[in-house]
Amino acid sequence: MKRVIRAAVVSAALTAGLVSVPAAASAAGTPYVPGTLRPSVSQATQDAALQKYYDFWKKNFLTTKCGTGTYAVLSKDADHSFVAEGEGYGMTISAMMADKDPQARSIVDGILKFVKAHPSVNNKDLHAAEQDSNCKSVNGSDSATDGDLEIAYGLLIADKKWGSGGSVDYKAEAVRIINAIKEERGQRRHEVHPARRLGQRRGVQEQFPLVGLDAGPPARVRHGDR
């Protein structure tokens with residue numbers, strides 16, 4: 001749980017600061033999404049703090065040990081060395097740092113290479129959820145929907161940052177994963193359940209995916225839980 005919270009906080013912080021970065025960052029600083037709650041310090045101080053933590057993350061959580069041309073994100077307090085969520089966070093973070101880090105694209109491409117080298121037994125277009133310290137998939141090579149979703153999200157950001165006309169078609173890779181998730185969600189109870197009608201509001205039927213559990217009926221989702 002700690003690894004998920006920590007990675008989610010880092011990802012959220014980076015999203016707040018960099019999701020609206022233009023093709024070329026201005027010298028005045030990184031634009032923030034309107035409405036973002038920000039520290040009461042200068043833009044330069046905020047950018048420096050973000051850059052410092054990003055550099056710390058790269059040094060301590062990125063590794064190239066799993067094969068030529070690969071990058072992988074270490075999950076040091078998880079049961080296993082590598083987990084799908086970590087790879088997804090790594091792709092998202094690196095793509096968002098595109099204008100700040102000349103290595104960002106190589107990192108995204110390297111994580112994608114690692115992900116594709118470890119397909120899930122559920123669907124070859126999904127990622128096996130866990131790998132050990134020897135970079136071998138473990139626990140049956142099952143998939144994790146949240147990890148696959150984050151990987152797809154990172155690829156969509158990469159498409160926005162660099163386009164898909166180069167050596168990697170980021171958009172096509174994202175769509176491939178999204179389609180696999182959609183296919184699996186109707187077949188596996190621990191994936192995302194098919195959308196169900198939750199009711200009507202102002203005469204319009206609303207449908208949302210229900211997140212189920214490994215056992216028992218799918219969890220009920222109220223309008224206020226969205």
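See the structure printed just above.
Let me begin by describing the structure that accompanies this report. (Residues numbered from 1 in each chain as written. Predicted model: local features only at pLDDT ≥ 70, side-chain atom pairs only at ≥ 80, totals over all residues. Heavy atoms only, no water.)

1. Digging into the overall build of the protein chain
For the protein chain, the count of helices and strands is six helices and six strands. Starting at the N terminus and walking to the C terminus, you meet the elements of the protein chain as α-α-β-β-β-α-α-β-α-α-β-β. Counting across all 226 residues of the protein chain, residues that qualify as buried make up 42%. Taking as baseline every contact in the protein chain between residues at least 6 positions apart, the subset at least 24 positions apart corresponds to 51%. In the structure as shown, the protein chain presents an accessible area of about 12,300 Å², 54% of it carried by carbon and sulfur atoms. (Helix = DSSP H or I, 4+ residues; strand = E, 2+ residues; numbered from the N terminus. Buried < 20%, exposed > 50% of the residue type's maximum accessible area, 1.4 Å probe, protein only. Contact = heavy atoms within 4.5 Å. Areas by Shrake-Rupley, 256 points an atom, 1.4 Å probe, with all protein chains shown as cover.)

2. Here's the deal with the pattern of salt bridges
One pass over the structure, following the stated rule, counts six salt bridges. Here E173 ties to K116 by a salt bridge, and the two come within 2.8 Å at their closest N and O atoms. Placement of the pair is E173 in helix 6 (residues 170-185) and K116 in helix 4 (residues 104-116), with a sequence separation of 57 residues. Residue classification places K116 among the partly exposed positions, given a relative accessible area of 45%. (Salt bridge = Lys/Arg side-chain N within 4 Å of Asp/Glu carboxyl O.)

3. Brief notes about the nonpolar core
With 28 residues, the main nonpolar core has W57, L62, M91, I111, L155 and I177 as its most contacted residues. In this view, L62 contacts W57, Y71, A72, V73, I107 and I111; residues no more than four positions away in its chain are not counted. By size, the runner-up hydrophobic cluster in this structure holds five residues, among which are C66, A72, F82 and F114. (Core = buried A, V, L, I, M, F, W, Y, C linked by side-chain atoms within 4.5 Å.)

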